[in-house]
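What the coordinates show
Okay, here's what each chain looks like letter by letter:
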Amino acid sequence: MLDFYKGMDVSFIPELLEEGMKCYDFDGTTIEPLDLAKKYGVNAIRLRIWHTPSNVEESKGYCSLEHTIKMAKEIYARDLDFMLDFHYSDYWADPGKQRKPKAWEELSFEQLVDAVYEYTKDTLLTLKKEKVLPQIVQIGNEIRSGLLFPDGEAPKYKQMVQLINAGIKGAREVATKEEMQIMIHLDQGGRYVYLKDWFDHTIEEGLEEFDLIGISYYPFWHGTFMDLKYTMEQLIERYKKPIMVVECAHAWRKSIHGFIDEEQEKIAGFPATPQGQRQVIDLVMNIVASLPNNMGLGVYYWEPLCIPKEGEGGWSENMGILDEKGNVLETIHSFEFTRDKLKVRTPAKVYDLKPQTFLVGTEGKLPQVASVLYFDGTVKEHKIVWNEDTTWRTVLGEHTICGKVEEILVPITQKVTIVKEFVQVENLVEDENWDCGFVHWQVEKSSEQVVVSICPEEVDPFPAPPVNYVLVESPSNFTFSLIQKVNVEQKGNYCLSVEYEGTDTTDVNVALVAKQTGANEDGQVWKKVIHPTEHGWSLHQMKDIPCEVGAMEIGIEIQSPPIYGKIRRLQFVLQDKK
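Residues numbered from 1 in each chain as written. Predicted model: local features only at pLDDT ≥ 70, side-chain atom pairs only at ≥ 80, totals over all residues. Heavy atoms only, no water.

So, about the overall build of the chain. Across its full length, the chain holds 9 helices and 28 strands. Over its C-alpha atoms the chain spans a radius of gyration of 26 Å, differing by no more than 12% from the 25 Å that the globule rule assigns to 578 residues. Considered along the principal axes of its C-alpha atoms, the chain spans approximately 75 × 55 × 45 Å. Contacts in the chain between residues at least 24 apart in sequence constitute 74% of all its contacts with a sequence separation of at least 6. Only carbon and sulfur atoms are counted for the fraction: they give 50% of the accessible area of the chain, which is about 25400 Å². Here the chain holds 61 positive side-chain charges and 91 negative ones, and the gap between their average locations is 3 Å. (Helix = DSSP H or I, 4+ residues; strand = E, 2+ residues; numbered from the N terminus. Rg over C-alpha atoms; globule rule 2.2 N^0.38 Å. Contact = heavy atoms within 4.5 Å. Areas by Shrake-Rupley, 256 points an atom, 1.4 Å probe, with all protein chains shown as cover. Lys, Arg positive; Asp, Glu negative; His and termini not counted. Charge placed at Lys NZ, Arg CZ, Asp CG, Glu CD.)

In this section: a negative patch on the surface. Judged by side-chain charge, Glu110, Asp114, Glu118 and Asp122 come together as a negatively charged surface patch. Tracing the backbone through its elements, the reader meets aspartate 122 in helix H4 (residues 109–129). (Patch = residues over 30% accessible without salt bridge, like charges linked within 9 Å, V, L, I, M, F, W, Y side chains within 5 Å. Salt bridge = Lys/Arg side-chain N within 4 Å of Asp/Glu carboxyl O.)

All right, on to the pattern of salt bridges then. The full count for this structure, using the stated rule, is 35 salt bridges. Close ionic contact of lysine 60 with glutamate 19 constitutes a salt bridge, the shortest N to O distance being 3.6 Å. Placement of lysine 60 in the loop between strand S4 (44–49) and helix H3 (65–77) and of glutamate 19 in the loop between helix H1 (13–18) and strand S2 (23–24) is noted, with a sequence separation of 41 residues between them. Accessibility expressed as a relative area gives 53% for lysine 60, which makes it exposed. Arginine 144 is paired through a salt bridge with aspartate 187; the nearest N and O atoms lie 2.8 Å apart. (Buried < 20%, exposed > 50% of the residue type's maximum accessible area, 1.4 Å probe, protein only.)

Turning to helix H9 (residues 274–289), a few remarks are in order. In a regular helix each residue adds 1.5 Å, so 16 residues correspond to 22 Å; H9 covers 23 Å between its end C-alpha atoms and thus fits that length. A large share of H9 lies buried, amounting to 12 of its 16 residues. Listed in full, the buried residues belonging to H9 are Gly276, Gln277, Val280, Ile281, Asp282, Leu283, Val284, Met285, Asn286, Ile287, Val288 and Ala289. Those residues of H9 that are buried are in contact with strand S1 (5–9), helix H7 (225–239), strand S11 (243–247), strand S12 (296–302), strand S13 (347–350) and strand S15 (369–374). (Expected span 1.5 Å × (residues − 1).)

Looking now at the sheet that holds strand S23 (residues 492–502). Spatially, 5 strands are ordered S20-S21-S28-S23-S26 in an open sheet, and the strand pairing comes out antiparallel. On the outer flanks of this sheet lie strand S20 (451–457) and strand S26 (538–547), each paired with one strand and no other. Pairs of neighbouring strands in the sheet enclose a mean axial angle of 30°, with direction left out of account. In the sheet, S23 pairs with strand S28 (residues 564–577) via 10 bridges, with the strands oriented antiparallel. (Pairing = 2+ DSSP bridges. Axes fitted to C-alpha atoms, helices over the stretch in contact; angles between N-to-C directions.)

In total, this model carries 30 aromatic pairs according to the counting rule given. On the basis of an interplanar angle of 80° and a centroid distance of 5.0 Å, the ring pair of tryptophan 50 and tryptophan 92 is categorised as edge-to-face. Note that tryptophan 50 is positioned in the loop between S4 and H3 and tryptophan 92 in the loop between strand S5 (81–86) and H4, a separation of 42 residues in sequence. Of the residues examined, tryptophan 50 reaches a relative accessible area of 3% and is grouped as buried. Taken together, a centroid distance of 5.3 Å and an interplanar angle of 70° make the contact between phenylalanine 259 and tryptophan 315 edge-to-face. On the criterion of sequence distance, the pair formed by phenylalanine 259 in the loop between S11 and helix H8 (262–268) and tryptophan 315 in the loop between S12 and S13 is long-range, its members being 56 residues apart. Grouped by ring-pair contacts, the aromatic residues Phe12, Trp50, Tyr91, Trp92, Tyr218, Phe220, Trp221, Phe259, Trp302 and Trp315 constitute a single cluster. (Phe/Tyr/Trp six-rings, centres within 6.5 Å; stacked < 30°, edge-to-face > 60°.)

At a minimum axis separation of 7 Å, H4 and helix H5 (residues 157–172) run at an interaxial angle of 25°. Between H4 and H5, the interaxial angle falls into the category roughly parallel. You can see that H4 and H5 cross each other, and the crossing is right-handed. Between H4, through Phe109, Leu112, Val113, Val116, Tyr117, Thr120, Lys121 and Leu124, and H5, the contact on the second element is made entirely by Gln159, Gln162, Leu163, Ala166, Gly167, Lys169, Gly170 and Ala171. Counted by class, the contact of H4 with H5 contains 9 nonpolar, 5 polar and 2 charged residues. (Parallel < 35°, antiparallel > 145°, perpendicular 65-115°, else oblique. Left-handed = near helix turned anticlockwise from the far one by under 90°. Nonpolar A, V, L, I, M, F, W, Y, C, P; charged D, E, K, R; others polar.)

Further remarks concern the packing of H5 against helix H6 (residues 192–204). The geometry of H5 relative to H6 is characterised by a closest axis approach of 9 Å and an angle of 80° between their N-to-C directions. When the axes of H5 and H6 are compared, the pair comes out roughly perpendicular. Across from Tyr157, Met160, Val161 and Ile164 in H5, the residues of H6 making contact are Asp197, Trp198, His201 and Thr202. For the contact of H5 with H6, a count of residues per class yields 5 nonpolar, 2 polar and 1 charged.

Interpretation note: all reported values are geometric properties and have no functional meaning in isolation.
What follows is the structure, given as structure tokens:
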């Protein structure tokens, strides 16, 4: 075992090289992707393996056993460690999709268990024969929602565990623990409750002994950096297993094509710039290395060695560490990290303050403390000293108030809007507080396992009535919609908004939706994807919806792996008349 794994998942490399990929070092010289990685401190490589990728046209046949053997030999030729990630699918497997290989689709459950055992064992025996046995093997990829759906899908934990155990058994029969470590890999790296629930259920059902916990942590999906630290500390304490972040990443520029947009950038807490990208990876390295008793073993970046392709969008457009010309970005220096470079007392950032609105001439109170994130993942409160000039309180409009964070002496600003009055607009949504339950709403869900409930929240001073919210959660992959038909009496542009709080991960799709109905049942549909965060309510708006007089259907839709979502203050209001 290495002292600290600084890894990359570079499973796309064979495909990219065959397409003519070229990487360039900082001095402009051409360099092989794996040589570039090793030069700047990478000491481990992770590869995914698909059962029969040729069954899926989009895979182009990559990530097969043959490709894996060839890549593993390249890895070992450079004296790098090798981790193998079994997807148990012909193509992608993640929380939202864990499709069986085509060869296994017609098998009974007992036959499926045997197939997992034989396939795992045979694959590893072949790698061992080729002298490229991995040091670490994952039994499944991000399997919090299960694997090999529907047989091993949560909450069928008993069947899920039998399938996982079959993979563990197959691996154990090929190599000892000293030769090859077995990892269980889940998503939601910053959400301890989800991971504790999964491990408690599977251990209760007889999960075989394994060696390592692997987690995915993307800051725009999986909670704050403080959440990440807390989750790993608690997992180590409860299950006594070393832990790694085996997938993480951040963007070096924003994108409207999937990864990441402005909303996700705010959730992540760092800008989508080359410098922001490096800060995120530096942070994750430091947080993992700061865990007690050196139980944090390392960090892998997921597919950093990819080059943007014009017009294609997707991951390679902004999530790797190479620009459009193949030039390496400064994030490569994050892999030069070692335990003796751990930064504990160094601030990483001061969290932004939420904008505020005050009535003109009033004594609206500015925040007195700021939250400061340190490189070891801890957050501390520091006092703020504001500039003494308060003339802005009497001037209508937007203002930026300047101050300084004590102790670390970092500048801080507060955005303030001064208004003459708070404008009230008519909400066309009937019973927006769900005081009458769902009488005025159409609720659809994919199964009875999806729990939908109305909960009160005391957000206003007592004895004001509570604000209700709708809680949606499911132990398995699900769909849900909450729709109301409203009557538009004035032609114009409308805004649909909601306050939402909840968790996020791969394949979570939460969207505001509006549809013109009336005589034309096939009317135009407007949708806006929103990105959840569980740290406080966030306002999401879909503006400039052009509405004719007549009926509209408005609401929210969710299609997702197991998560929770909270919905409140759903509003549909007129912006301007036509």
